[in-house]
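# Chains, contacts and geometry: an overview
The chain contents come next:
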Amino acid sequence: MSVQQHYNEWAATYDAVENKTRDLEKNAGQRVLADIAADSIIELGCGTGKNTAWLASKASHVTAIDLSEEMMQKAKEKMQLPNVVFQQFDITQPWSFTQRKADLITCSLILEHIENLEVVFEQVSSYLKENGHFYICELHPCKQYSGSKARFETTDGTQVLECFTHHITDFLTAAAENDLSLVQLNEWFDDDDRSTLPRLISFLFQKRSVS
Ligand SMILES: C[S@@+](CC[C@H](N)C(=O)[O-])C[C@H]1O[C@@H](n2cnc3c(N)ncnc32)[C@H](O)[C@@H]1O
C-alpha cells in the first residue's frame, strides 16, 4: 500500500488514538516558532490540521498542503478559516500549488516518508523569501536506528508505513547546499527525560540573503 493510501486509511483514527510523537511535535513546534513572525506560511503535510489553526493565528495567509485527501478532509472539517487554503499535492513534485514565496515553511513528521530530501530542500529554498524560516520536526534518527516507524492499528492488524532514515548530516548538508543556515537544533524527549532516547529532532533554518 502506498503512503497516500495508508494515510487515507489512518485518517479515521489519527486524531483519536494515543500518539506521543504527534503530541510532542505540537508542543515542539509552538515552542520553536513562538517568536518567529510570518505573514505568509506554507505548511507541508498538514495532515488532520493539528498545527494549521495555530499557524493561521500567526499569519495573514496559510497554504496547507497534503498528499492524503482523507487526512486533509479531517482538517477542513475542523476549521473554516478565511486565511487558510488547503490543497492536495505531492511535495516531491514541482510546486505548482503556489506562485508566492513564504516567510515560513513548516514540515512536521513528513520527511520520513520522502526518500530524496534534496528535492524538498531545493523547492523550499526557492519558495522562501530572503531571511524566511524553514522549520522541520521529525522522528529522531536515533529512534529510527532502533526500529521506530510510523504505524497504526486497523481491524486487519498493524499497518507499518514506508519510511526512510535521514541522518542528521543529511538534513544539514541539504540545507547548506540550498542557502539555508541553521538557526536552532533541538532534541525532544518524552516527559523531558533526557536519560531516554530523544523522540524528535527539530531544525530551524533561515534562508540566506543574497546581498
Ligand atoms: C504523520 S502525518 C503528520 C501530519 C501533521 N503534520 C502532524 O504533525 O500531525 C504525515 C503527513 O504527511 C503527508 N505526506 C506524506 N508524504 C507526502 C508528500 N509527498 N506530499 C505531501 N504530503 C505528504 C501524509 O499524507 C500525512 O498527512
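Look up: the structure comes first, before these words.
What comes next is a walk through the structure. Everything numeric in this text was worked out from a predicted model, so none of it was measured.

Moving on: the site of the ligand. Neighbouring the ligand are 19 residues; Y14, G45, K50, D66 and D90 lie closest to it. Contact between the ligand and G45: a nitrogen atom at 2.6 Å from a main-chain N or O atom of the residue. Contact distances for the ligand include 3.1 Å between a nitrogen atom and a backbone N or O atom of L67. Alone, the ligand offers 590 Å² of accessible surface; in the complex the protein occludes 97% of this. When each cavity is represented as a set of grid points, the ligand is found to reside in the largest pocket. Residue composition of the shell around the ligand, by class: 11 nonpolar, 4 polar and 4 charged.

Read from one edge of the open sheet, 7 strands run β3-β2-β1-β4-β5-β9-β8, paired in mixed fashion. The sheet is open, and its two borders are formed by β3 (84–88) and β8 (180–188), each paired with just one other strand. Each neighbouring strand pair of the sheet contributes to a mean axis angle of 15°, computed without reference to strand direction. For strand β2 (residues 61–66) and β3, the ladder comprises 5 bridges, and the chain directions are parallel. Along β3, the bridge assignment pairs A64 with F86. Its contacts with the sheet put helix α2 (residues 20–33) on β4 (102–108), β5 (128–139), β8 and β9 (200–207), and the angle it makes with β5 is roughly 155°. Those strands touched by helix α5 (residues 117–126) are β1 (40–44), β4, β5, β8 and β9, and its axis lies near 145° from that of β5.

What follows concerns the nonpolar core. Counting 35 residues, the largest nonpolar core has Y7, W10, L33, I41, V62, F86 and Y135 as the members making the most contacts within it. For this core, the secondary structure elements donating two or more residues are α1 (3–10), α2, α3 (52–56), β2, α4 (69–78), β3, β5 and β9. With 4 residues, the single largest contributor to this core is α2. Counting 28 residues, the second-largest nonpolar core is a separate cluster that includes I65, A102, F134 and F203.

The subject of this paragraph is α1. The set of residues buried in α1 consists of V3, H6, Y7 and W10. All buried residues of α1 project into a common sector of 95° when viewed along the axis, lining one side. Where α1 is buried, its residues touch α4, β6 (151–154) and β7 (157–160).

Roughly 990 Å³ of internal volume is contained in the largest pocket. Looking at the largest pocket, it is lined by 47 residues, and the ones nearest its centre are Y7, W10, L109, H113 and A150. Sorting the residues of the lining of the largest pocket by element identifies α1, α2, β2 and β6 as the ones contributing at least two each. Here the lining of the largest pocket is built from residues that sort into 18 nonpolar, 14 polar and 15 charged.

Among all residues save glycine, negative phi is the norm, and among peptide bonds the norm is trans. A positive phi angle, near 70°, is found at N131, a position not held by glycine. Positionally, N131 belongs in strand β5. Despite not being glycine, D192 shows a phi value in the positive range, around 60°. Here D192 is to be found in the loop between β8 and β9. Residue D192 is classed as exposed on the basis of its relative accessible area of 60%.

How each quantity is defined
Residues numbered from 1 in each chain as written. Predicted model: local features only at pLDDT ≥ 70, side-chain atom pairs only at ≥ 80, totals over all residues. Heavy atoms only, no water. Near = heavy atom within 4 Å. Polar contact = N/O pair within 3.5 Å; in protein donor to acceptor, adjacent residues only side chain to side chain. Areas by Shrake-Rupley, 256 points an atom, 1.4 Å probe, with all protein chains shown as cover. 1 Å grid on protein atoms, 1.4 Å probe; cavity = no way out; pocket = protein on both sides within 12 Å on 5 of 7 lines; lining within 4 Å. Sits in = over half its atoms within 2 Å of the grid points. Nonpolar A, V, L, I, M, F, W, Y, C, P; charged D, E, K, R; others polar. Pairing = 2+ DSSP bridges. Helix = DSSP H or I, 4+ residues; strand = E, 2+ residues; numbered from the N terminus. Axes fitted to C-alpha atoms, helices over the stretch in contact; angles between N-to-C directions. Contact = heavy atoms within 4.5 Å. Core = buried A, V, L, I, M, F, W, Y, C linked by side-chain atoms within 4.5 Å. Buried < 20%, exposed > 50% of the residue type's maximum accessible area, 1.4 Å probe, protein only. Arc of directions from axis to C-beta. Points joined across faces, edges and corners; volume = space filled by probe spheres on them.

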